[in-house]
Amino acid sequence: METLAADLHFDIITPLTPTHYPNDVNRRPDILDIALLKGVALKLSCIETLQCLNSDHRPVLMRLGSLTGDCPPTVKTITNWQKVSTALEEIDTPMLNNIPNDIVSTDDIDNAIGALTNHIRTVVDDSSRTVPANSDRKELPRDVKELIRAKNAALRRASKYPTCENRSEARILQRKVRDRVREVRNENWSDLMVEIKPSHKAFWGLAKALKTEKAVPTPALRKLDNSIAFDDREKAECLADSIEQQCSENPAVDIEHVRRVEEEVRRRVSLPPKDDLDPITHDEVSKHIKALKIRKAPGADSISSKALKCFSAPLVTLLVAIFNACIKNCYFPAAWKEAVVIGIPKPGKPRDRPASYRPISLLSILGKLFEKTLKTRLSEHLIDKGLIINEQFGFRPNHSCPQQALRLVEYISEGFKVKRKTVAVFFDVAKAFDRAPRSPLLYSAYVNDIPRPKTGVQLALFADDTALFLRSNCLRNILPRLQRAIDELTQWLRLWRIEVNPEKSASIYFDYSPRKSTITVPLNTPYLRIQNQPIPWQKHYKYLGITLDRHLHFRDHIARVRKLAIFYLSRLYGMLGRKSKMSLRNKRTIYTMCIRPVMTYASPVFAHARPDILYDLQVVQNKFCRRAADAPWYVKNSTLHRDFELPTISKFMKDASERFFDIASNHPNPLLVEAVTYEPPPPNHFCRRPRNILTDPPDDLTVEVEKLIELNKMVTD
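These numbers were taken from a predicted model, which means no experiment stands behind them.

A. Region of the structure containing the nonpolar core. Judged by nonpolar contacts, the single largest core of 98 residues is most densely connected at Leu548 and Phe554. Sorting elements by how many residues they give to this core places helix α16 (residues 475-495) first, with nine residues. For this core, the domains that each give at least three residues are domain 4 (401-549) and domain 5 (555-716). Setting aside chain neighbours within four positions, we find Leu548 in contact with Leu408, Val409, Phe426, Ile508, Phe510, Lys539, His540, Tyr541, Tyr543 and Phe554. Residues Leu96, Ala112, Ile289 and Cys326 belong to the second largest nonpolar core, which totals 36 residues.

Dropping the structure here:
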């Protein structure tokens, strides 16, 4: 049908949402209605499905006529931020005069926030104006406009006098217009690629737009009772019900424990607040305001970060007084708890299921600013007093995912060196941050008393990512001890109402082998169990962004990141390809910022893999260099790397590993220092460890590139 429509110059129009909803819940909705049009002008949102009737098929409404029709013209709002800044310097206004000099009670706090919010909105509205939204597209050249007029006149003649000559002439002019418009668009794109620079406002936006998928309207959603939500209000209610269900607390197992915890909380809340927190200062709030990102979306109060950056010193002082009053009263204003919730579809999930959408809450910028000041004090209190266990690497200063992953890899590699096996269990905590009103930092404090096994079993935490691992000379020594640790952990999780998905959790049996094995575990190996359900054995598992296989060859990880890098390289071909007129410097910038980080994330963890496996990543970089420079086949890769001033992948990983291990060797966490403090095995040893990359000789391509660079320096000198 597409080929026929293209040959006959027809337009295919389809609704954005399904039109057939089968009564069988096991079958998915589909679009059965399409329209074939030719030479017909359509209104905006020209075709849509109507509300559900008693039938399983929905009627379709299509509007014909002017392209704009009765739709209002598109407009945009321009704000004079210099005027906003000048207006906010004036504090003698009726709204601000209603704020008491001393903000003491919670009512005073709410009134002050309301008056300040209304004042900011009024100033921004008075400093804004609405203008027609001009298209960013360049105007078509005069010859193209004349060609389009001739084509339209030929179409009218062919419609009025449908002779063979008139119809043939109209088709010829249509083809000419299509080819000429394509040529103009290509020229405009080439001009943009020549002019654009990293400082250009469209540079990174264009790269992001090419990298990501286009936004698609939310289709009709299937409710919990299998009925269908069609219009926007029904969809919003359906998503709200789903979010409420996902964020509901897990059922209590030990009622007596819950009662004791609630009594202790009530007792502590009834105590008078301690004045041991340092008051919030003017300089502290000014620093946080300066660090705000201006492109962040505002919350329900419509106050943007840019408006806060226009605050005068008296307004910052007022904000400091409100924050200090909130701390003194142990009060978080209700106005800052309201959020605009947007559902973002999860990749790979069915779009008609409300549970397939991740809720993103747009909170008030003022509330987020207050939360930053609280987080700073809470983090200092927890870290300085050692209230976060060393096994927890999540949301702590100077801790990261690669460091925790390296700790696990070093433990397994040390076992390989002495012919020992390791079993690791990775737990999938269900809705860790959804089913309790806790931030990641508070969650780390909440799970701080997690049982730490005393039978040699190791614990690794990164926020809600939990892993237990143990090594020994045989499985029969590992599994009983590991099962006891899991049982102890299960009892603690049930006590504190934390749920684990056994089917999404995984167990991996790590055993050294120079070749890839086809078996997951030895025959008749029993399952480890949690909540009386088996934890499946896996050959590989994605842990903190790194795919670990049972032999630590990292083939699966490198294949995954290579595939993702090639995908991004193809999506950005319009900017990085052979025909792009973007400068080589800008192409290199996009590559080093958007593509190379995908391949080299956590590279110190897997940089010691076999060179032939790592070379697959170097091939991707070679392809980029050849495409970006439009180089013929006979130009060497070393020459391209020299001209781009781009280090090879192995050189980049080695430099990153040196910095990584220097930081880890002097880290305040003793667990990380212990993991990286060892002498790497000799080069001819059967087992390689992450520190081997520091002593490995450079590969052939790196040697060639360095020779060319030295030769250039000699010629220059």
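B. Expanded view of empty space enclosed by the protein. Tallied over the full model, the rule gives two cavities of 30 Å³ or more. Of the voids in this model, the largest cavity is the one considered here, and its volume is about 80 Å³. If you tally residues by element for the lining of the largest cavity, the top one is α16, at three residues. Each residue belonging to the lining of the largest cavity can be placed in one class, and the counts come to 12 nonpolar, one polar and one charged. The computed volume of the second largest cavity comes to approximately 30 Å³. Looking at the second largest cavity, the residues that line it are Leu239, Ile243, Gln246, Gly343, Pro354, Tyr357, Arg358 and Pro359. By residue class, the composition of the lining of the second largest cavity is five nonpolar, two polar and one charged.

C. Local environment of the state of the cysteines. Tallied over the full model, the rule gives zero disulfides. In this structure Cys330 is a free cysteine whose sulfur lies 10 Å from that of Cys326, the closest cysteine sulfur available. Cys330 sits in the exposed class, given a relative accessible area of 62%.

D. Inspection of α16 at higher detail. Taking 1.5 Å of rise per residue, the 21 residues of α16 would be expected to cover 30 Å, and the 30 Å separating its terminal C-alpha atoms lies within 8% of that figure. Of all the residues in α16, the buried ones are Leu475, Ile478, Leu479, Leu482, Gln483, Ala485, Ile486, Leu489, Thr490, Trp492 and Leu493. Arg497 sits one or two positions beyond α16 and adopts a positive phi of about 60 degrees.

E. Spotlight on the packing of helix α14 (residues 401-417) against helix α23 (residues 649-665). The N-to-C vectors of α14 and α23 enclose an angle of 85 degrees; their axes lie 12 Å apart at closest approach. When the interaxial angle is binned, α14 and α23 end up roughly perpendicular. Side by side, α14 and α23 meet where Pro402, Gln403, Leu406 and Glu410 of the first sit next to Phe660, Phe661 and Ile663 of the second. Across the contact of α14 with α23, the residue classes tally to five nonpolar, one polar and one charged.

F. Focus on the packing of aromatic side chains. A complete count under the given rule lists 18 aromatic pairs for this structure. Between Phe554 and Phe606 the ring centres are 6.3 Å apart and the planes differ by 45 degrees, which places this aromatic pair in the tilted class. With Phe554 in the loop between β18 (546-549) and α17 (555-571) and Phe606 in helix α20 (residues 603-606), this residue pair connects regions lying 52 residues apart in the sequence. Look at Phe606 and you get buried, because its relative accessible area is 0%. Seen in terms of ring centroids, Phe660 and Phe661 are 5.8 Å apart; in terms of plane orientation they differ by 85 degrees. Their pairing is edge-to-face. Phe660 gets classed as buried once you look at its relative accessible area, which sits at 13%. In this structure Phe661 comes out as buried when scored by relative accessible area, which is 1%. Within the aromatic cluster, the residues linked to one another by ring pairs are Phe323, Phe332, Trp336 and Phe370. The ring of Tyr411 is capped by Arg471, whose NZ or CZ atom sits 4.1 Å from the centre of that ring.

G. Geometry of the packing of helix α19 (residues 584-600) against helix α21 (residues 611-629). Close contact between α19 and α21 brings their axes to 11 Å; oriented N to C, the two are set at 160 degrees. As judged from the angle between their axes, α19 and α21 are roughly antiparallel. α19 and α21 meet at a crossing whose hand is right-handed. The residues of α21 that touch α19, namely those facing Leu584, Lys587, Arg588, Tyr591, Arg596 and Met599, are Leu617, Val620, Gln621, Phe624, Ala628 and Ala629. The residue makeup of the contact of α19 with α21, split by class, is eight nonpolar, one polar and three charged.

H. View of the sheet that holds strand β14 (residues 506-510). A sheet is described by the order of its strands in space; here four strands give the open sequence β12-β13-β11-β14, paired in antiparallel fashion. The two strands at the open ends of the sheet, each matched to only one other strand, are β12 (458-462) and β14. Across this sheet, the average inter-strand angle for adjacent strands is 15 degrees, counted without regard to direction. Across five bridges, β12 lies against strand β13 (residues 465-472) in antiparallel orientation. Residue pairing for β13: Ala460 is matched across the bridge by Ala467. The strands that α16 touches are β11 (421-427), β13 and β14; relative to β13, the one it contacts most, it runs at about 150 degrees.

I. Spotlight on the pattern of salt bridges. In this structure the tally under the stated criterion is 18 salt bridges. As a salt-bridge pair, Glu169 and Arg157 come within 3.3 Å of each other at their nearest N and O atoms. Of this pair, Glu169 sits in helix α6 (residues 164-195) while Arg157 sits in helix α5 (residues 142-160); the two residues are 12 residues apart in sequence, bridging distant segments of the chain. By relative accessible area, which is 33% here, Glu169 ends up partly exposed. A relative accessible area of 35% places Arg157 in the partly exposed class. We note a salt bridge from Glu263 to Arg259, for which the minimum N-O separation is 2.5 Å. Of this pair, Glu263 and Arg259 are both found in helix α9 (residues 255-270), four residues apart, which corresponds to roughly one turn of the helix. The exposure class of Glu263 is partly exposed, given its relative accessible area of 39%. Beyond isolated ion pairs, a larger network of salt bridges with shared partners links Glu256, Arg259, Arg260 and Glu263.

What counts and what doesn't
Residues numbered from 1 in each chain as written. Predicted model: local features only at pLDDT ≥ 70, side-chain atom pairs only at ≥ 80, totals over all residues. Heavy atoms only, no water. Core = buried A, V, L, I, M, F, W, Y, C linked by side-chain atoms within 4.5 Å. Buried < 20%, exposed > 50% of the residue type's maximum accessible area, 1.4 Å probe, protein only. Helix = DSSP H or I, 4+ residues; strand = E, 2+ residues; numbered from the N terminus. Domains from an automatic or database assignment. Contact = heavy atoms within 4.5 Å. 1 Å grid on protein atoms, 1.4 Å probe; cavity = no way out; pocket = protein on both sides within 12 Å on 5 of 7 lines; lining within 4 Å. Points joined across faces, edges and corners; volume = space filled by probe spheres on them. Nonpolar A, V, L, I, M, F, W, Y, C, P; charged D, E, K, R; others polar. Disulfide = S-S within 2.5 Å. Expected span 1.5 Å × (residues − 1). Axes fitted to C-alpha atoms, helices over the stretch in contact; angles between N-to-C directions. Parallel < 35°, antiparallel > 145°, perpendicular 65-115°, else oblique. Phe/Tyr/Trp six-rings, centres within 6.5 Å; stacked < 30°, edge-to-face > 60°. Lys NZ or Arg CZ within 6 Å of the ring centre and 35° of its normal. Left-handed = near helix turned anticlockwise from the far one by under 90°. Pairing = 2+ DSSP bridges. Salt bridge = Lys/Arg side-chain N within 4 Å of Asp/Glu carboxyl O.

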